[in-house]
Number of protein chains: 2
Amino acid sequence: MADDPEPGTVRPGGRTARVRAAVLDAAGDALAETGFAGLDLGEVARRAGVGKTTVYRRWGSPTALVADLLADMAEQSAPRSDTGALLDDLRANARLVRDTLTDARQGPLFRAVIAAATCDERTAHALHRFYEVRVAEWTPCVEQAVQRGELPPDTDAPEVVRAVSAPLYYRFLVSGGALDEAAAERAAHAAVAAAHAGAYRKA
Amino acid sequence: MADDPEPGTVRPGGRTARVRAAVLDAAGDALAETGFAGLDLGEVARRAGVGKTTVYRRWGSPTALVADLLADMAEQSAPRSDTGALLDDLRANARLVRDTLTDARQGPLFRAVIAAATCDERTAHALHRFYEVRVAEWTPCVEQAVQRGELPPDTDAPEVVRAVSAPLYYRFLVSGGALDEAAAERAAHAAVAAAHAGAYRKA
């Protein structure tokens with residue numbers, strides 16, 4: 001463990017949990033700075049103030065470390081919005097995605113993990129699991145809109161949540177273009193409009 | 001040049017153009033097989049049956065080779081559809097994107113280039129340029145729908161084209177999930193529905 005963690009960054013749990021938190025924080029920093037190719041377990045141990053042996057014994061490989069980091073990120077992520085209005089909820093989701101992708105640490109971290117997933121099955125699996133957890137967190141926003149009668153009853157609610165993220169990740173990874181407030185607003189608005197029109201009805 | 005190019009693979013142009021075609025084909029094969037990290041100019045020269053010196057002199061680096069490959073891919077890509085119906089045109093676009101991403105050679109090639117772009121500015125620039133060219137090719141499908149009065153007059157036509165690709169690339173790179181006929185159909189339908197509702201009006 002680092003001797004002086006910043007206030008508020010110490011997570012609950014005993015020494016094992018504290019070691020994990022320190023190692024995952026260090027792994028995230030390293031990924032954001034140097035990408036997956038630069039992820040070295042010995043260097044992560046040094047940054048975390050933890051013995052090398054502990055890190056090698058507990059995680060064993062950079063791939064396993066990234067998988068655990070993604071699992072932790074899913075657990076630590078912000079809870080969904082619950083405004084009672086679908087557009088407002090999805091707008092909050094779009095802003096959260098946009099804020100994450102444009103964050104000075106989180107943006108490069110996501111880029112690194114997504115790049116690693118393109119050439120490693122286990123990382124891809126962990127990445128998909130991360131998004132399953134995040135999509136499941138936000139799905140009730142859409143389900144409640146269905147229950148209120150605002151969307152067709154056979155709407156595929158998780159697909160509507162994914163539709164909000166898709167154009168933002170497309171800019172982030174593929175086409176380029178600003179990830180600004182307008183992009184987030186358009187993503188939320190388009191997903192709601194298409195859902196209203198029945199574009200996400202289950203086949 | 002390879003001594004026996006397959007019929008139909010020889011492109012027009014003189015020796016310089018033939019060398020370029022052979023080298024870019026070999027570079028694409030190598031990227032699809034081993035990813036960007038495995039792209040070696042000497043190996044590309046060998047595969048293409050071209051002298052190493054020619055490849056080093058003309059391209060100089062793997063990054064420059066990928067940039068030229070992307071420029072060539074943009075030139076060689078399929079022309080847009082022109083059915084006179086917006087949904088049919090965008091459905092053709094969605095199927096083309098889906099067929100590309102699920103193709104045994106093109107899928108891994110796009111994964112490799114997108115991964116390389118996450119950590120290299122010049123590759124990112126070439127990638128963005130590739131999508132600008134592709135989006136511009138398909139934009140008239142949307143512009144014509146605007147002219148026919150089917151969409152709001154201030155619709156951002158390129159953004160509608162990008163909206164068709166976004167959910168397919170999101171599955172491909174981020175969330176996982178099948179890139180099937182239903183995904184392509186949903187992508188086209190959602191983009192048209194959101195465009196009708198004014199979600200892509202210019203700010």
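Positions within a chain are numbered from 1, following the residues in the order the chain's sequence is written. Ligands are numbered from 1 and chains lettered from A, in the order in which they are written. Totals for whole chains, interfaces and linings use all residues, but because this is a predicted model, local features are given only for residues with pLDDT of at least 70 and pairs of side-chain atoms are given and counted only at 80 or more. Here the side-chain values reflect all heavy atoms present in the structure, with hydrogen atoms and water set aside.

1. Some thoughts on the UniProt feature "domain: HTH tetR-type" (unreviewed entry) in chain A
Definition in use: UniProt positions are given in the numbering used here, feature names are shortened, and annotations may be inferred rather than shown by experiment. A run of H or I in DSSP becomes a helix once it reaches four residues, and a run of E becomes a strand once it reaches two; helices and strands are each numbered from the N terminus.
As annotated by UniProt and renumbered to match this structure, "domain: HTH tetR-type" (unreviewed entry) occupies residues 17-77 of chain A. End-to-end, the C-alpha atoms of residues 17-77 of chain A are 17 Å apart, and along that stretch the chain is 79% helix and 0% strand.

2. Focus: the relation of the copies chain A and chain B
Selection criterion: Copy-to-copy superposition: least squares on the C-alpha atoms, limited to residues that have pLDDT of at least 70 in both copies.
After a rotation of 180° and a shift along the axis of 0.0 Å, chain A superposes on chain B with an RMSD of 0.0 Å. The superposition operator between the copies reduces to a two-fold rotation axis.

3. Topic: the packing of aromatic side chains
How we decide: Classification of ring pairs uses Phe, Tyr and Trp, with its six-membered ring standing for Trp, and accepts pairs whose centres are within 6.5 Å; under 30 degrees between planes counts as stacked, over 60 as edge-to-face, and the remaining range as tilted. Burial classes: relative accessible area under 20% of the type maximum marks a residue as buried, over 50% as exposed, and values in between as partly exposed (1.4 Å probe, protein chains only).
One pass over the structure, following the stated rule, counts 12 aromatic pairs over all chains. Where Tyr 131 of chain A meets Tyr 169 of chain A, the ring centres are 5.6 Å apart and the plane angle is 85°; that geometry is what we call edge-to-face. Within this pair, whereas Tyr 131 of chain A is found in helix 7 (residues 121-147), its partner Tyr 169 of chain A is found in helix 8 (residues 157-175), the two being separated by 38 residues in sequence. Here Tyr 131 of chain A matches Tyr 169 of chain A in class, with each residue buried. Considering the side-chain rings of Tyr 170 of chain A and Tyr 131 of chain B, the 6.2 Å spacing of their centres and the 70° angle between planes classify their relative orientation as edge-to-face.

4. Here we look at the nonpolar core
Formally: Take the buried residues of types Ala, Val, Leu, Ile, Met, Phe, Trp, Tyr and Cys, join any two whose side-chain atoms come within 4.5 Å, and each joined set is a nonpolar core. The contact criterion used is simple: two residues touch if any of their non-hydrogen atoms lie within 4.5 Å.
If you look at the biggest cluster of nonpolar residues, it comprises 144 residues, and the most contacted ones within it are Tyr 169 of chain A together with Tyr 169 of chain B. Other than its neighbours up to four places away in sequence, Tyr 169 of chain A contacts Val 97, Leu 101, Phe 110, Ile 114, Tyr 131 and Val 174 of chain A together with Tyr 170 and Val 174 of chain B.

5. Topic: the pattern of salt bridges
We apply this condition: Salt bridge, as applied in this entry: a Lys or Arg side-chain nitrogen positioned within 4 Å of an Asp or Glu carboxyl oxygen.
Counting across every chain of the model gives 36 salt bridges over all chains. Between Arg 171 of chain A and Glu 159 of chain B there is a salt bridge, with the nearest N and O atoms lying 3.0 Å from each other. One end of the pair, Arg 171 of chain A, is in helix 8; the other, Glu 159 of chain B, is in helix 8 (residues 157-175), on a second chain. Judged by its relative accessible area of 6%, Glu 159 of chain B falls in the buried class. Note that Arg 105 of chain B and Asp 29 of chain B form a salt bridge whose closest N and O atoms lie 2.5 Å from each other. Of this pair, Arg 105 of chain B sits in the loop between helix 5 (86-102) and helix 6 (106-117) while Asp 29 of chain B sits in helix 1 (residues 15-34); the two residues are 76 residues apart in sequence, bridging distant segments of the chain.

6. Examining the interface of chain A and chain B
For an interface, size is often stated in terms of accessible area lost upon the parts coming together. Keep this limit in mind: We define buried area as the total accessible area lost by two parts upon association, computed with a 1.4 Å probe and summed across both.
Each partner contributes to the interface: chain A provides 28 residues, whereas chain B provides 28 residues. Where chain A abuts chain B, roughly 2600 Å² becomes buried across the two surfaces, and 69% of that area is made up of carbon and sulfur atoms. Contact with chain B buries area across many residues of chain A, yet Thr 118, Tyr 170 and Val 174 of chain A alone supply 23% of it, more than any other trio. The tally of links from chain A across to chain B stands at 4 salt bridges.

7. Some words on the confidence of the model for chain A
Inclusion rule: Residue-level confidence of the predictor, termed pLDDT, takes values from 0 up to 100.
For chain A, the average pLDDT comes to 93, and 94% of its residues sit at 70 or higher. Predicted as a complex, the structure gets a pTM of 0.92 and an ipTM equal to 0.91.

8. Considering the domain arrangement of chain A
All names here are of chain A. Note the threshold: Each domain's extent is set by a domain assignment, obtained either automatically or from a database. Any N or O atom pair separated by 3.5 Å or less is treated as a polar contact, with the protein-specific requirement of one donor-capable and one acceptor-capable atom, and with residues adjacent in sequence counted only for side-chain atom pairs.
For chain A, the assigned domains are domain 1 (14-72) and domain 2 (79-196). Averaged C-alpha coordinates put domain 1 and domain 2 at centres separated by 27 Å. In this complex, domain 1 contributes 13 residues to the contact, which on the side of domain 2 involves 12 residues. Buried surface at the junction of domain 1 and domain 2, both sides included, amounts to about 1100 Å², of which 73% is carbon and sulfur. When residues of domain 1 are sorted by the area they lose upon contact with domain 2, Ala 32, Thr 63 and Leu 70 head the list and together hold 48% of the total. The interface formed by domain 1 and domain 2 contains 2 residue pairs in polar contact (both at pLDDT 80 or more). Looking at the side of domain 1 that touches domain 2, the elements with two or more residues in it are helix 1 (15-34) and helix 4 (62-76). Among the elements that line the side of domain 1 that touches domain 2, the one with the most residues is helix 4, at 6 residues.

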